[in-house]
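Spelled out, the chains give:
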Amino acid sequence: MYVSVSYECLEMVGTMARMDVMLVVGARPQFIKSAPLIREILSRHRQIRLSIVHSGQHYDPEMSDIFFRELRMPEPMVNLQAGSGSHAEQTATIMKRLEGPMIKAKPDVVIVPGDTNTTLAAALTAAKLNIPVAHLEAGLRSGDMTMPEEINRRLTDHCSALLFAPTQTAVCNLKREGLSNASWLTGDTMVDALHIAMPQVRAKERAFLEQFRLRPHQYVLVTLHRPSNVDNHSRFRQILIALDRLSKRLPVIFPVHPRTLKRLDKLGLRKSSTQTGVIITRPQGCIETLGLLHNASSLLTDSGGMQKEAFLLRVPCITLRSNTEWPETLEGGANRLLVNPEMIPSMAMRVASDEKLRDRIGRIANPFGNGHSSAKIAHLLRMTF
Ligand code: UD1
């Protein structure tokens, strides 16, 4: 049942007994959404003993180490070094390598953030050991079962004992699937993460923009890594041609995910793309990415988390997908879904020339919480276990 709760009340009933919590992360967005919760637990809940496991799903320094450093996350207890592979390989490797450490640690609860293969692998491993699972960012639905993330999030929700839903929409999705008993509306820890990061972002963003010779609000930031966009040769080529056309009117910066870089190489497109006006650069850390986003005239993306960060920073977003797990961001044209790559230049130019759009986005109520989600989640953990 979804119940509104007084967190002061939870403080009073919160037990002083020690509890062991295991947090399993492995991919870039999981580091970002977990960091504020880790900080909250370590600074305010001394009765919680936290162990962090890194699955090794993301292993390049710019996909992993930089986030631990920038987000000041403690070293993981163990790195399972699962690496890349097919979905079955990656999920199975994480499960096989996680079972031993989980049996040894005997945690009272295992927290799994997000919707990656690491999320599902950790949730299944814990559930089969009869260890309660707490899903951070529960209840998201894009309705698109061709996306691996949609499969991961549905299955994870259905084997979890505690569901931390970031929005009211997510709570409703869980209710529709008969999961109300375990659901709590906590808000989104990415809002907490943004509050923590913004002072650093503001201090560094101008210098960072100068490095790429970009001017505030006069460029488009692009991030693309979904198989549906980058694994298909002709679609990916169409997208690159569209970005090239756009870059003749407005600078375009494209920090490239390793998956996308490998596609550029495999499809023989890296050379042609570097000959365009598009600034192609390595993946950036979270402070740098937020700096680029904060000052962009718009974001073109297929990422889930960045749609939301754009919304919170009032940056207009164009999502190169036919659906989104964050429908709240579509309100008032803050985010627009686009399927046809040929429309990228005209839509980005239309957004850039709409001077009042940012203000309109700023007036839309924020459905993602007030930046205290980690505190709520830590209290719920203490109350439940
Ligand atoms: C994963 C998540 C996705 C999330 C994204 C954030 C799943 C199913 N997908 O997608 O939800 O939005 O992370 O980045 O879990 N690679 C490297 N170095 C790395 C990591 C990956 O080179 O450190 C390359 C490999 O070629 C690998 C490919 O990227 O095969 C894809 O990596 P993978 O972790 O399978 O999925 P992502 O596309 O990163």
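Just so we're clear, the structure is a prediction, and the values are computed from it rather than from any experiment.

## Observations concerning the sheet that holds strand S12 (residues 317-319)
In sheet architecture, strand pairing relies on hydrogen bonds along the backbone and comes in two forms, parallel and antiparallel. Taken together, 6 strands build an open sheet; the order of strands is S10-S9-S8-S11-S12-S13 and the sheet is parallel. Lying at the two open borders of the sheet, with one neighbouring strand each, are strand S10 (278-281) and strand S13 (335-337). Ignoring strand direction, the axes of neighbouring strands in this sheet form an average angle of 20°. Where S12 lies against S13, 3 bridges are found, and the strand directions are parallel. Note that in S13 the partner of Cys 317 across the bridge is Asn 335. The sheet strands contacting helix H15 (residues 344-353) are strand S8 (220-223), strand S11 (298-301), S12 and S13, and the helix crosses S12 at an angle near 160°.

## Overview of the side chain of Thr 119
Tracing the chain through its elements places Thr 119 in helix H5 (residues 117-128). Since its relative accessible area comes to 0%, Thr 119 is described here as buried.

## Regarding the domain arrangement of the protein
Segmentation of the protein into domains returns domain 1 (3-188 + 369-384) and domain 2 (197-362). A C-alpha centroid distance of 28 Å is found between domain 1 and domain 2. Contact residues are listed per partner, giving 24 residues for domain 1 and 21 residues for domain 2. Interface area, domain 1 with domain 2, both sides summed: about 1700 Å², of which 52% is carbon and sulfur. Linking Arg 153 and Glu 325 is a salt bridge whose minimum nitrogen-to-oxygen distance equals 3.5 Å. Inspection of the domain 1/domain 2 interface yields 8 residue pairs in polar contact (both at pLDDT 80 or more). Mapped by element, the contributors of at least two residues to the side of domain 1 that touches domain 2 are helix H2 (28-44), helix H3 (65-70) and helix H6 (148-158). Tallying contributions element by element places H3 first for the side of domain 1 that touches domain 2, with 3 residues. The residue inventory of the side of domain 1 that touches domain 2, partitioned by class, reads 9 nonpolar, 4 polar and 11 charged.

## As for the environment of Phe 67
With respect to the element layout, Phe 67 can be found in helix H3. You can call Phe 67 buried: its relative accessible area is 2%. Note: C-alpha distance between Phe 67 and Arg 28 (39 residues apart in sequence) is 7.5 Å. With near-sequence residues (within four places) excluded, Phe 67 lies in contact with Arg 28, Phe 31, Ile 32, Glu 62, Arg 72, Met 73, Gln 284, Gly 285 and Cys 286.

## With respect to the nonpolar core
Leu 71, Ile 111, Phe 164, Leu 221, Leu 292, Leu 293 and Leu 381 are the most contacted members of the largest nonpolar core, which totals 54 residues. Sorting elements by how many residues they give to this core places helix H8 (residues 189-211) first, with 8 residues. Both domains that meet at this core, namely domain 1 (3-188 + 369-384) and domain 2 (197-362), each give it at least three residues. Discounting residues that sit within four places of it in the chain, Phe 164 has contacts with Ala 134, His 135, Leu 136, Glu 137, Ala 138, Trp 184, Thr 186, Ile 377, Leu 380 and Leu 381. The next biggest cluster of nonpolar side chains, apart from the first, holds 42 residues, and it includes Ala 170, Val 220, Leu 243 and Met 347.

## Brief notes about the sheet that holds strand S1 (residues 19-25)
Within the open sheet, the 7 strands sit side by side as S3-S2-S1-S4-S5-S6-S7. Their pairing is parallel. Only two strands of the sheet have a single partner each, and these edge strands are strand S3 (78-79) and strand S7 (183-185). Pairing of S1 with strand S2 (residues 48-54), which is carried by 7 bridges, proceeds in the parallel orientation. Each bridged residue has a counterpart across the sheet, and for Val 25 the counterpart in S2 is His 54.

## Some remarks on the pattern of salt bridges
In a structure, side chains of opposite charge can pair up when their charged atoms sit close to one another. Per the stated rule, a full pass over the model turns up 19 salt bridges. The residue Asp 115 makes a salt bridge to Arg 153 at a minimum N-O spacing of 2.8 Å. In this pair, Asp 115 is assigned in the loop between strand S4 (109-113) and H5 and Arg 153 in helix H6, connecting sequence segments 38 residues apart. In this pair, the class of Asp 115 matches that of Arg 153, namely buried. Note that Asp 244 is salt-bridged to Lys 248, the shortest N-O span being 3.3 Å. Lys 248 sits in the exposed class, given a relative accessible area of 65%. One continuous salt-bridge network, built from bridges that share partners, spans Asp 115, Arg 141, Glu 150, Arg 153, Arg 154, Asp 157, Glu 177, Arg 321 and Glu 325.

Parameters and conventions
- Residues numbered from 1 in each chain as written.
- Predicted model: local features only at pLDDT ≥ 70, side-chain atom pairs only at ≥ 80, totals over all residues.
- Heavy atoms only, no water.
- Pairing = 2+ DSSP bridges.
- Helix = DSSP H or I, 4+ residues; strand = E, 2+ residues; numbered from the N terminus.
- Axes fitted to C-alpha atoms, helices over the stretch in contact; angles between N-to-C directions.
- Contact = heavy atoms within 4.5 Å.
- Buried < 20%, exposed > 50% of the residue type's maximum accessible area, 1.4 Å probe, protein only.
- Domains from an automatic or database assignment.
- Buried area = accessible area lost by both parts, 1.4 Å probe.
- Salt bridge = Lys/Arg side-chain N within 4 Å of Asp/Glu carboxyl O.
- Polar contact = N/O pair within 3.5 Å; in protein donor to acceptor, adjacent residues only side chain to side chain.
- Nonpolar A, V, L, I, M, F, W, Y, C, P; charged D, E, K, R; others polar.
- Core = buried A, V, L, I, M, F, W, Y, C linked by side-chain atoms within 4.5 Å.

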